[in-house]
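Each chain, written out:
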Amino acid sequence: MLLTKYTHACVRLEKDGNVLVIDPGTFSESGEALTGAHAVLITHEHNDHFDRPALVSALRSNAGLEVHAPAGVAAALREESDVAVRVHTAEPDSGFDAAGFSVRTFGGQHAVIHAQIPVVANIGYLIDDNVFHPGDSFVVPDGIDVKTLLVPIHAPWSKVGEVVDFVISVRAPRAFPVHDALLNELGRGIVEGHVTRIGARYGTSYRRLAPRDSVEV
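Please read these numbers as outputs of a predicted model, since none were measured by experiment.

Rules used in this analysis
Chains are numbered independently. Their residues run from 1 in the order of the written sequence. At least 70 in pLDDT is required for a residue's local features to be given in this predicted model, at least 80 for side-chain atom pairs to be given and counted, and no such filter applies to totals for whole chains, interfaces and linings, which use all residues. With hydrogens and water excluded, all non-hydrogen atoms of the structure serve as input to the side-chain values. Aromatic rings from Phe, Tyr and Trp, with only the six-membered ring used for Trp, were paired whenever their centres fell within 6.5 Å, and each pair was classed as stacked if the ring planes differed by under 30 degrees, edge-to-face if by over 60, and tilted otherwise. Should the NZ of a Lys or the CZ of an Arg lie within 6 Å of a ring centre and within 35 degrees of the ring normal, that charge is described as sitting over the ring. Secondary structure is summarised from DSSP: a helix means a run of H or I of at least four residues, a strand means a run of E of at least two, and numbering begins at the N terminus for each. Here a polar contact is recorded for every N or O atom pair within 3.5 Å, except that within protein the pair must consist of a potential hydrogen donor and a potential acceptor, and residues adjacent in sequence are included only if both atoms are side-chain atoms. Pairs of residues are marked as contacts when any of their non-hydrogen atoms sit within 4.5 Å. At least two DSSP bridges between two strands are required for those strands to pair. Burial status follows relative accessibility: with a 1.4 Å probe on protein chains alone, a residue under 20% of its type maximum counts as buried, one over 50% as exposed, and anything between as partly exposed. The directions from the helix axis to the C-beta atoms form the arc being described. Within this document, salt bridges are pairs made up of a side-chain nitrogen of Lys or Arg and a carboxyl oxygen of Asp or Glu, the two lying within 4 Å of each other. Here, the term nonpolar core denotes a set of buried Ala, Val, Leu, Ile, Met, Phe, Trp, Tyr and Cys residues that are joined through side-chain atoms within 4.5 Å.

### Focus on the packing of aromatic side chains
Per the stated rule, a full pass over the model turns up 3 aromatic pairs. Grouped by ring-pair contacts, the aromatic residues Phe138, Trp157 and Phe166 constitute a single cluster. The ring of Phe101 has Lys15 sitting right over it, with the charged end atom 4.8 Å from the ring centre.

The following block contains the structure:
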C-alpha cells in the first residue's frame, strides 16, 4: 500500500482504490488528507490528532466515510446526529475491517504527561499486519511482527531514550516519523540520529519523511 505522511501525526494509506486516514489533526493538512477517504481512525481526543470540524465536514460531504475512534471521541462526533450512524467505537484488543483494510487495536491509555494532567484513552492501530500507528503511547504490540513502525519522534510526554527503546522493542524492519511538528531541524537531527544509529543495531531502518512524502510499504 501507499503511505503518505502529513504534518505531525496524520498519515494516509491507499490500497486497491481504498483510502484510510489516521489522526487528521489540527496541526496537519486534514482537509487534504481526508479528500476521497473511505475510513478514518482516531487514536485519541487531543486536537493535534483529532480535527473535529474538518472531520465533521468530511463526514457530511462524503456519505461513504466511516470513522473509528475511542469512546470519548466517538461520543463527541455522535453529537452531530446527521453523521452519528457512521461513527464507531474502537476498543482495545479487538479487530475490525475498515474500508478493505484489516485493523487490530492495542493499548488503551495515553502516555502520562504530568500527574496533574488527566490521562485519556488512546488506541494504537495495526493496519493489514503491517503499519503500526501507536498514537500518543509507546505500547508494543504483542504476538505479532510489525513491518512498518510509525515512531512518535517528539512529544511533551516523552524523552529521547524512550523513543529509542520503543523502536528497538518493536524491531520493525522499517520505521518512519510521526508526531514531529514541535521539533526544529536541530532537535530533529539529534533525535533521528539516535534512532537511526541505535535502531540499526536491532534491524530497524529509519527514514525521514517530510509532509506529503509518500512511500510504498
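Text resumes after the structure shown.
### Brief notes about the side chain of Thr43
Here Thr43 is to be found in the loop between β4 (39-41) and α2 (52-61). A polar contact is formed between the side chain of Thr43 and the side chain of Asp23, at a distance of 2.7 Å. At a separation of 2.9 Å, a polar atom in the side chain of Thr43 contacts the side chain of His44. Excluding residues that lie within four positions of it along the chain, Thr43 makes contacts with Ile22, Asp23, His49, Pro70, Ala121, Asn122, Ile123, Tyr125, His133 and Gly135.

### Some thoughts on the sheet that holds strand β8 (residues 101-109)
Pairing is mixed in the open sheet, where 7 strands are placed in the order β7-β8-β9-β10-β11-β12-β13. In this open sheet, the two edge strands, each paired with only one partner strand, are β7 (95-98) and β13 (205-206). Across 7 bridges, the pairing between β8 and strand β9 (residues 121-127) is antiparallel. Across the sheet, Gly108 pairs through a bridge with Asn122, a residue of β9.

### Some remarks on helix α3 (residues 71-78)
Three or more residues of α3 are buried, namely Val73, Ala74, Ala76 and Leu77. Within α3, the buried residues cover an arc of 160° as seen down the axis, which keeps them to one side. On the buried face of α3, the contacting elements are α2, β5 (66-69) and β6 (87-89).

### With respect to the pairing of strand β11 (residues 148-152)
With 5 of 5 residues buried, β11 is to be regarded as a mostly interior element. Judged by which residues are buried, β11 turns out to be covered on both faces: Thr148, Leu150 and Pro152 on one side and Leu149 and Val151 on the other are all buried. Sheet topology places strand β10 (residues 131-133) next to β11; 2 bridges connect them, and they run parallel. By the bridge assignment for β11, Phe132 is matched with Leu149.

### Observations regarding the pattern of salt bridges
What the rule picks out here adds up to 14 salt bridges. Across the pair Glu32 and Arg212 runs a salt bridge, and its minimum N-O distance is 2.9 Å. Taken together, the residues Glu32 in helix α1 (residues 30-34) and Arg212 in the loop between β13 and β14 (214-216) connect sequence positions 180 residues apart. Between Glu192 and Arg208 there is a salt bridge, and its shortest N-O distance comes to 2.7 Å. Remark: Arg208 occurs in the loop between β13 and β14 and Glu192 occurs in helix α5 (residues 185-201); sequence separation between them is 16 residues. Its relative accessible area of 38% is what places Arg208 among the partly exposed residues. Via salt bridges that share partners, Lys5, Asp180, Glu185, Arg188, Glu192 and Arg208 belong to a single interconnected network.

### Here we look at the nonpolar core
Leu3, Leu13, Leu20, Leu41, Tyr125 and Ile127 are the most contacted members of the largest nonpolar core, which has 23 residues in total. Mapped onto this core, the elements with two or more residues apiece are β2 (11-15), β3 (18-22), β4, β7, β8, β9 and β12 (174-178). Among the elements that make up this core, the one with the highest residue count is β9 (3 residues). Cys10, Phe50, Leu65 and Val83 belong to the second-largest nonpolar core, a separate cluster that totals 22 residues.

### Some points on α2
Burial in α2 covers these residues: Leu55, Val56, Ala58 and Leu59. Seen from one end, α2 has its buried residues packed into an arc of 160°, which puts them on one side. Along α2, the residues that are exposed and aim more than 90 degrees away from the buried face are Pro53 and Ser61. Elements in contact with the buried residues of α2: α1, β4, β5, α3 and β6.

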